[in-house]
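# Coordinate analysis (summary)
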Amino acid sequence: MKFGVNTFIWSAACNQTIYDLFPLIKAKGFDGVEVPLFRRSNFPATDLRRATEANGLECNAATVLVDGLSLISEDRGVRCKTLRHLQDLVKLAADANVKVMAGPIYSPVGYLPGRRRTMDEWKWAVDAYKLLGDTLVKNNVILAIEPLNRFETFFINTAADATAMASEVDHPNVGILFDTFHANIEEKDIAAGLRMIGKHLKHVHTCENDRGIPGSGHIDWGAVFAALRDLKYGGWITIESFGFALGDLSAAAAIWRDIEKTPEAIAFEGIQFLKKC
Ligand code: LER
Ligand code: MN
């Protein structure tokens, strides 16, 4: 297992301010960082690669769909545009030496149409992930699809749905990101969710039930790590949380209070706890 931290704890941007944190992130025991990759424009692939390599860190990307993009839009034009956009993001990810591109990469976070998903939407998503397969292989990138809780998406909420999606796509470079924060809301048994995902598990977000310091809440970490050990999971254990006053980002995560004394305590105290686990 490798330990990562999502830089949303500090900022929504990926720039020198974030690179300046890399020595400290490394010193605190992390093997890698996870940075936002939402848009093609201005993604600093070369600078990011240099900064991570200079600090002996690996890199993954957190991707969400913005600017009206969606793989499950009724509009075929939007679906095609979104697929091309993702193909471009995968190439940029490879330029930055990103190995896992992960997130709720189907429709925008917060898109809640007030109904169940349709069979057409499901099929459009399956088709898109299959079509992305070649680009993922050529660029040696893994796409990890993240189920979100019901208040952030209507499309994929559970380990069962994510497993059904990954099974239908049936591509070695397409799997699942399991986030303990969302699972705490949607799964009856978080560890059972992990076991169900099984071979499709490609990435893990280790978040406490309130997005605070892992180990400070009621997630059953013993059961989570027992499941990961049984699955022989060798991938990333990435702490994800969000700054408490970061505008759009805090709004997306609905964080309106100081969950801990500082956002970075979530990273630096969290890793000590997770390593003990
Ligand atoms: C992204 O990884 C995530 O977990 C979402 O809840 C972000 O809003
Ligand atoms: Mn997450």
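Check the entry above for the structure.
In this convention, every chain numbers its residues from 1, walking through the sequence in written order. Ligands are numbered from 1 and chains lettered from A, in the order in which they are written. Local features in this predicted model are restricted to residues of pLDDT 70 or higher, and side-chain atom pairs are both shown and tallied only at a pLDDT of 80 or more, whereas totals for entire chains, interfaces and linings draw on every residue. Just so you know, side-chain values use all the structure's heavy atoms and leave hydrogens and water out.

### With respect to the coordination of the manganese ion (ligand 2)
The coordination sphere of the manganese ion (ligand 2), as far as protein atoms go, consists of Glu146 (OE), Asp179 (OD), His205 (ND1) and Glu240 (OE), spread over 2.1 to 2.3 Å. Angles of 69 to 169 degrees at the metal separate the six donor atoms of the manganese ion (ligand 2), which places the site in the octahedral class. Ordering the donors of the manganese ion (ligand 2) by residue number gives the pattern E-x32-D-x25-H-x34-E. Of this pair, His205 sits in strand S7 (residues 201-205) while Glu240 sits in the loop between strand S8 (236-239) and helix H10 (248-253); the two residues are 35 residues apart in sequence, bridging distant segments of the chain. Working definition: with a 1.4 Å probe on protein chains only, accessible area under 20% of the residue-type maximum means buried, over 50% means exposed, and in between means partly exposed. Take His205: its relative accessible area is 1%, and that puts it in the buried class. Here the term donor refers to an N, O or S atom within 2.8 Å of the metal (or 3.2 Å for Na, K and Ca), and because water is left out of the atoms, sites may appear incomplete. Geometry is assigned from the angles between donors: four donors with all angles from 85 to 135 degrees make a tetrahedral site, four or six donors whose opposite pairs exceed 155 degrees while the rest stay between 65 and 115 make square planar or octahedral sites respectively, and everything else is labelled irregular. Helix and strand assignments follow DSSP, with helices taken as H or I runs no shorter than four residues and strands as E runs no shorter than two, numbered in order from the N terminus.

### Some details on the packing of helix H8 (residues 190-197) against helix H9 (residues 221-230)
Where H8 contacts H9, the axes come no closer than 8 Å and their chain directions differ by 15 degrees. With respect to H9, the axis of H8 lies roughly parallel. In this structure, H8 meets H9 at a crossing whose hand is right-handed. Between H8, through Ile190, Ala191, Leu194 and Arg195, and H9, the contact on the second element is made entirely by Ala223, Val224, Ala226, Ala227, Leu228 and Asp230. Looking at the contact of H8 with H9, its residues break down into eight nonpolar, no polar and two charged. An axis is simply a line fitted to the C-alpha atoms; with a helix, the fit covers only the stretch in contact. Between two such axes, the angle follows the N-to-C directions and lies from 0 to 180 degrees. Under this scheme an angle from 65 to 115 degrees is roughly perpendicular, one under 35 degrees roughly parallel, and one over 145 degrees roughly antiparallel; angles in between are oblique. Handedness of a crossing follows from how the near helix is turned relative to the far one, being left-handed for an anticlockwise turn of less than a right angle and right-handed for a clockwise one. The criterion used for residue contact is that any of the two residues' heavy atoms lie within 4.5 Å. Three residue categories are used. Nonpolar comprises Ala, Val, Leu, Ile, Met, Phe, Trp, Tyr, Cys and Pro, charged comprises Asp, Glu, Lys and Arg, and polar comprises the others, including Gly.

### Points about the pairing of strand S1 (residues 2-6)
In terms of burial, S1 is a largely internal element, four of the five residues being buried. As paired elements, S1 and S8 share four bridges and run parallel to each other. Note that in S8 the partner of Lys2 across the bridge is Trp236. For two strands to pair, DSSP has to find at least two bridges joining them. Note that S1 and strand S2 (residues 32-36) share three bridges and pair parallel.

### Here's the deal with the environment of Ser250
With respect to the helices, strands and loops of the structure, Ser250 is situated in helix H10. Judged by relative accessible area, which is 1%, Ser250 ranks as buried. Separated by 242 residues in sequence, Ser250 and Phe8 have C-alpha atoms that sit 9.3 Å apart. Contacts of Ser250, omitting those with residues within four sequence positions, involve Gly243, Phe244, Ala245, Ile255 and Trp256.

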